[in-house]
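# Architecture at a glance
Listed below are the residues making up each chain.
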Amino acid sequence: MRLVKGLREAFRRLVAGAGEGESVVAAAPVVPVGEVFRRFWPHARPYRRWLPLVLFFVALGPAIEAATIWMYKILVDEVLVPRDFGLLIWVLLAYAGLQLAEGIVTFCDEYLSDWVGGRFIVSLRTEFFAHLHKLSLAFFDRERLGDVMSRVTDDVEEIEDLMLSGMASAISYVFQLLFFTAALFYLNWQLALVSLFVVPLFWLTARHFSRKIKTAAREERRRSGSIGAVAEESLSNAALVQAYNRQEEEVARFHRENEGSFRAQMAATRLGSLFAPLINMIELAGVIVVIAFGAYQLSQGRLTIGGLLVFMVFLGQLYSPIRGISSLLTSFYSASAGAERIIEFLDEEPSVTEREDAVELRAKEGRVEFDAVSFRYPDARKPALEDVSFSVGPGETLALVGPSGAGKSTVAKMMLRFYDPDSGSVRLDGHDLRTLTLRSLRENVALLLQETLVFDGTVRENIAYGKPGATDDEVEAAAKAADANDFIRALPEGYDTSVGQKGRLLSGGQRQRIAIARAMIRDAGVLVLDEPTTGLDAESSEKVMRPLRRLMSGRATVVISHNLMTVREATEIVVLEDGRATERGSHADLLEREGSYARLYKLHHPDATERLVGP
Ligand SMILES: Nc1ncnc2c1ncn2[C@@H]1O[C@H](COP(=O)(O)OP(=O)(O)OP(=O)(O)O)[C@@H](O)[C@H]1O
C-alpha cells in the first residue's frame, strides 16, 4: 500500500507543471486562442492568396506518402507473391517518381511556409514596435526595458509559430490522419475499426497533459522576459556594477532567473517526454490488437500478407501525427503564451493621446504658461506638482530651482506633454497643449537634458536629428552657433566622424555642444534646459554657456538647475518645494526676502561667480 502511495506521489511530482515562481516580470493576462487568431490574422491577410498553395502542398505530402506505401502492397501482392517480375520495373519507376514528387513538394512547402512566416513576422514586429513608440513615457517608466525587448524579438516569433508554422503542422497532421484512416478503412474496415479503439485513450492522455504543458510554457515565456530584464539592467549599468564590485550579486541575480527558466523548461520537457512513451504504450496496445485480429483474418483468407504488412505500415503512419501532438502542444502553448505577452502591450493605451480635433500650432510666438497645474505620477502616493503657475515669454528665462525631488523635471516633462496635468493646464502660445497635435507641439519645444542624448552615428547625423532633411550648410551653421565647428573639424573625419555608442568618443562638454547645435537647427520657440551644465567643470560649462546664451536669445527658456549660480540672471526664479511654488521673483528679490532661495544660495555658493545669462 505504502509502495503504491509512494509511486503515485513520485508520478505526481514527475508530471507537476511549473508553478509561478518569484520573478521580476509578472505573467501576462490569459487570452483565449481564438482571440489570439482574431488579433493577429490581419498580419497574415496580405499573404492569404498564398495560403491555399501552402495548404495544397501540406495536403500533397501525406497523399504522396500514402501512395508510396501503397506501392509496397503492389510489390508484395502483385510482384513478389505471384513471382510476376515483369511488373517490377513499373513498380520501381513509380516508386522513384513518387520520391521525386515528394522532394519537390517538400521544397515548395518549406520555402513558401518560411516566406509567408517571415513576412508575417516582419509585419507584426514592425507594428508592435511602432505601437511601443506611440505609448507614453509612463509605460516606459513602468516596464522593464529588457522584458520589452524580449517581447519585440522572441515573443513575436512565437506568434508566427502559432499562427502559421504550428497551424501548418496541425493541418498536415489532420491530412495525414484523414489519408491514413481512409487507407486503413479501404484495406480492411473491420481491422480499421479495431485499430481505432485506442483513439479515446490518446485523447484523454493528451487532454490531461495539455493543461500542465500550458502552465509550464507560460512560465517559460515569462522567465525569458525576466532574463532579458535582468541582463539589460545589469549590463547597461556595467560601470556601476564594477565600481561597487557587485559582479557576483549581479551574476547571482541573473543565474536565479535562468534557474527559474530552466525549471519551467524542464517541467515542460518532463511532461513532453513522459507523454511520448505513454503514447507509445497506447500505440503498442493498438498494434498488438491489430496483429492478433489481422492474423485471425489472414487465417480466414480475408486478408493478404501484403495487405496486412501495408496495414501495419499505415497504422504506424497514423500514429505518427498523434505522437507529434506532444511537441505541437508544447510549441502551441508556448506560442500562445508569447501572444499573450504581445497582446498585453498592444492593449496598452497611450496615456497621452491626441484629440481628433487637435490643431497644428501655426503662429509661433513662444510663450509657455502653467496655470494651476497639479499632477501625480501613476502609483505615486503624493503629487509631484501642486497648483504650480508661471509664465515665460520670448526672450525671457524662467529658472526652476529647489531641492531634489521637488518636481522640477516633472515640469519639463509636462511642457513636452509626456504627461497631462490632473488639474490646471499647460499652454503654449495660448493653446492648451491637449488641443495641439503632438507633432507640432514637440516641434516647437526643444529639450536639452543633463544626460545628453547622442546616437551612434556621425556628428552630422546627430545634429541633423533636430531637423530631418537639414542641408550640410544648415548643419554647419548650427554647429558654428553652438561653438562646435572647431572641435568637429579637428575630429578625424570632421562632420562624418562616428561618435560611438552614446557619443562615447566625445567629451561631456562636446556632447552638450552637439546637443545645442541640434536644438539650434530645430529652431523651436521654447527651450527646456534640464541641468545643462551638470557634470561639467567650470571651463567646460563656460564653453557651453556661451552658445547656450546664443540659443536662448529671443526664445522662451525654462531652465532647471540645482546649481543656483547658473540661474541668477534669469528673468524670474521659481522655487519649487515638495511640488509647490513657494517663492518667486528675481535673484535680487529672492535674496532680499531671505527665504529658502536665499538660504540655499548662501549655503551652497557663498562666493561663486558663474552666470547663466551673461551680459
Ligand atoms: N516616473 C515617475 N513615477 C513616479 N514618481 C515619479 C516619477 N518621476 C518622478 N517621480 C517623483 O516625483 C517627484 C518629483 O520628481 P522630479 O524628477 O520632478 O524632481 P526634481 O525636482 O527634478 O528632482 P531632481 O532635482 O533630483 O532631478 C519625486 O518625488 C519623484 O520621486
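If you're wondering where the values come from, they're calculated on a predicted model, not measured in any experiment. Along each chain, numbering runs from 1 in the same order as the chain's sequence is written. At least 70 in pLDDT is required for a residue's local features to be given in this predicted model, at least 80 for side-chain atom pairs to be given and counted, and no such filter applies to totals for whole chains, interfaces and linings, which use all residues. Side-chain figures throughout are based on the complete set of non-hydrogen atoms in the structure, without hydrogens or water.

### What about the nonpolar core?
As used in this record, nonpolar core signifies buried Ala, Val, Leu, Ile, Met, Phe, Trp, Tyr and Cys residues forming a set joined through side-chain atoms within 4.5 Å. Three exposure classes are used, based on accessible area relative to the maximum for each residue type with a 1.4 Å probe and protein chains only: buried under 20%, partly exposed in between, and exposed over 50%. Formed by 43 residues in total, the largest nonpolar core has its most connected members in Val459, Ile463, Ile488, Ile516, Leu548, Ile573 and Tyr597. Counting from the N terminus, the helices are the DSSP runs of H or I reaching at least four residues and the strands are the DSSP runs of E reaching at least two. No other element matches the seven residues that helix 17 (residues 508-522) contributes to this core. Beyond its immediate stretch of four places on either side in the chain, Leu548 contacts Leu448, Ile516, Leu529 and Pro532. Core analysis: the next-biggest nonpolar cluster, separate from the first, contains 34 residues, Val373, Phe375, Leu433 and Leu576 among them. In what follows, a contact means two residues having at least one pair of non-hydrogen atoms within 4.5 Å.

### A word on the sheet that holds strand 4 (residues 423-428)
Spatial ordering of the open sheet is given by 2-1-4-5, a layout of four strands whose pairing is antiparallel. Looking at the sheet topology across the chains shown, the edges are occupied by strand 2 (385-392) and strand 5 (431-432). Strands are labelled as partners when DSSP assigns at least two bridges between them. For strand 1 (residues 368-375) and strand 2, the ladder comprises five bridges, and the chain directions are antiparallel. For Glu369, the partnering residue across the bridge sits in strand 2 and is Ser391.

### Some remarks on the UniProt feature "transmembrane region" (unreviewed entry) in the protein chain
UniProt positions are given in the numbering used here, feature names are shortened, and annotations may be inferred rather than shown by experiment. UniProt's feature table lists "transmembrane region" (unreviewed entry) at residues 50-75, 87-107, 173-204, 271-296 and 302-319, given in the numbering used throughout. Structurally, residues 271-296 is divided into 100% helix and 0% strand, and its ends, taken at the C-alpha atoms, are 38 Å apart. Segment residues 302-319 splits into 83% helix and 0% strand. End C-alpha atoms: 24 Å apart.

### Quick word on the packing of helix 15 (residues 472-481) against helix 17
Where helix 15 meets helix 17, the closest approach of the two axes is 8 Å, and the angle between their N-to-C directions is 125 degrees. The angle between helix 15 and helix 17 falls in the class oblique. Handedness of the helix 15/helix 17 crossing: right-handed. Facing helix 15, whose interface residues are Glu474, Val475, Ala478, Ala479 and Ala481, helix 17 presents Ala517, Met520 and Ile521. The residue makeup of the contact of helix 15 with helix 17, split by class, is seven nonpolar, no polar and one charged. For helices, the fitted axis covers only the stretch in contact; all axes are lines through C-alpha atoms, and the angles between them, taken along N-to-C directions, range from 0 to 180 degrees. Orientation categories follow fixed angle ranges, with anything under 35 degrees roughly parallel, anything over 145 roughly antiparallel, 65 to 115 roughly perpendicular, and all other angles oblique. Put simply, a crossing is left-handed when the front helix is turned counterclockwise from the back one by less than a right angle, and right-handed when it is turned clockwise. Classification used: nonpolar for Ala, Val, Leu, Ile, Met, Phe, Trp, Tyr, Cys and Pro, charged for Asp, Glu, Lys and Arg, polar for all others including Gly.

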